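# Results of the structural survey
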Amino acid sequence: HPLVTTGALGLVLGHPFDTVKVRLQTQTTYRGIVDCMVKIYRHESLLGFFKGMSFPIASTAVVNSVLFGVYSNTLLVLTATSHQERRAQPPSYTHIFLAGCTGGFLQAYCLAPFDLIKVRLQNQTEPRAQPGSPPPRYQGPVHCAASIFREEGPRGLFRGAWALTLRDTPTVGIYFITYEGLCRQYTPEGQNPSSATVLVAGGFAGIASWVAATPLDVIKSRMQMDGLRRRVYQGMLDCMVSSVRQEGLGVFFRGVTINSARAFPVNAVTFLSYEYLLRWWG
Ligand SMILES: C[N+](C)(C)CCCC[C@H](N)C(=O)O
């Protein structure tokens, strides 16, 4: 289906932005977005921007089904109105928020291992397949998963999962509130929002939720990288405190600009697919 293709295309085009974000959050060698992009391009070529992309592409269908499925069904339980009745009897924002939080909470567990592997691969700065140079620590996503399992145990695959859950529970609530709020604002009562409205509301929902999620996103990424060589942080709180001590409060907004640029198109397409699927099957 064209929407699935567009969704995958959105992820592919958004991935370079994600890689720059992850590097800015976890490495100290870059002075900013442009410096980071130039260095990646020089040392690793264009391919450097696409490291760690295969697992997000492969897992997005599952992760998004959990997210939107749990959200939609929790809303069904809370409001006792079906998808079709929802336009005539719109659910309250409290219900939308609670359903979003539930979806975010459960989605975080499915996402955690895939996200960890993505972050580990994105942070490998070795140029790809250079004869003579030492190979990178992880050869690919499956090798990365197996190595983490071997070196850090099964729990190693869930490193940073707690921070990820805290990041996503309230911010997925914000995600759906922003989306619904904007749709209602620009749609005549009782009607379905137009495609243009869905795209714009979805885009802004992505930005709003990612801005709110950024402080814990930084901590999550740092926790995921911890344990690679030796443990630096005792836990999430220790990570927060030492990050602020060393880099100031600004550390909580590392990567927010580039991530917002990514979030708009990716989430515009995500919500368009969601609305189409609801109208066909709902
Ligand atoms: C809640 N939080 C902002 C973390 C995520 C919201 C949805 C994320 C979406 N799959 C994307 O990749 O942008």
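Residues numbered from 1 in each chain as written. Predicted model: local features only at pLDDT ≥ 70, side-chain atom pairs only at ≥ 80, totals over all residues. Heavy atoms only, no water.

On to the packing of aromatic side chains, then. Summed over the entire model, instances satisfying the criterion amount to 12 aromatic pairs. Here Phe68 and Phe271 contribute two aromatic rings whose centre-to-centre distance is 5.5 Å and whose plane-to-plane angle is 80°, an arrangement assigned as edge-to-face. One end of the pair, Phe68, is in helix H3 (residues 54–79); the other, Phe271, is in helix H9 (residues 256–281), and 203 residues separate them in sequence. For Phe271, a relative accessible area of 0% gives the class buried. Aromatic pair Phe105 and Tyr109: ring centres 5.9 Å apart, planes at 65°, arrangement edge-to-face. (Phe/Tyr/Trp six-rings, centres within 6.5 Å; stacked < 30°, edge-to-face > 60°. Helix = DSSP H or I, 4+ residues; strand = E, 2+ residues; numbered from the N terminus. Buried < 20%, exposed > 50% of the residue type's maximum accessible area, 1.4 Å probe, protein only.)

Our focus in this paragraph is the nonpolar core. Membership of the largest hydrophobic core comes to 17 residues, with the highest contact counts inside it found for Leu67, Phe68, Tyr71, Tyr175, Phe176, Tyr179 and Phe271. Looking at this core, the elements with two or more residues in it are H3, helix H4 (93–122), helix H6 (161–185), helix H7 (195–225) and H9. Here this core takes five residues from H6, the largest share from any one element. Residues within four places of Tyr175 in sequence aside, it is in contact with Leu67, Phe68, Ala205, Gly206, Ser209, Asn267, Thr270 and Phe271. Of all hydrophobic cores here, the second largest spans 13 residues; its members include Val22, Ile117, Leu121 and Leu228. (Core = buried A, V, L, I, M, F, W, Y, C linked by side-chain atoms within 4.5 Å. Contact = heavy atoms within 4.5 Å.)

To continue, consider the site of the ligand. Around the ligand, a shell composed of Arg167, Asp168, Thr171, Val172, Tyr175, Ser209, Trp210, Arg262 and Asn267 is seen. Side-chain polar atom of Arg262 to an oxygen atom of the ligand: 2.9 Å apart, as the coordinates give it. At a separation of 3.0 Å, an oxygen atom of the ligand approaches a polar side-chain atom of Asn267. Protein coverage of the free-state accessible area of the ligand, which is 380 Å², stands at 89%. Ranked by residues supplied to the shell around the ligand, first place goes to H6 with five residues. The residue makeup of the shell around the ligand, split by class, is three nonpolar, three polar and three charged. (Near = heavy atom within 4 Å. Polar contact = N/O pair within 3.5 Å; in protein donor to acceptor, adjacent residues only side chain to side chain. Areas by Shrake-Rupley, 256 points an atom, 1.4 Å probe, with all protein chains shown as cover. Nonpolar A, V, L, I, M, F, W, Y, C, P; charged D, E, K, R; others polar.)

It is worth spelling out the layout of surface pockets at this point. Here the second largest pocket defines a volume of roughly 680 Å³. As for the second largest pocket, its lining consists of 25 residues, and the residues nearest its centre are Thr26, Gln27, Met225, Leu228 and Arg229. Sorting the residues of the lining of the second largest pocket by element identifies helix H1 (2–26), H7 and helix H8 (236–247) as the ones contributing at least two each. Taken together, the residues of the lining of the second largest pocket sort by class into five nonpolar, 12 polar and eight charged. (1 Å grid on protein atoms, 1.4 Å probe; cavity = no way out; pocket = protein on both sides within 12 Å on 5 of 7 lines; lining within 4 Å. Points joined across faces, edges and corners; volume = space filled by probe spheres on them.)

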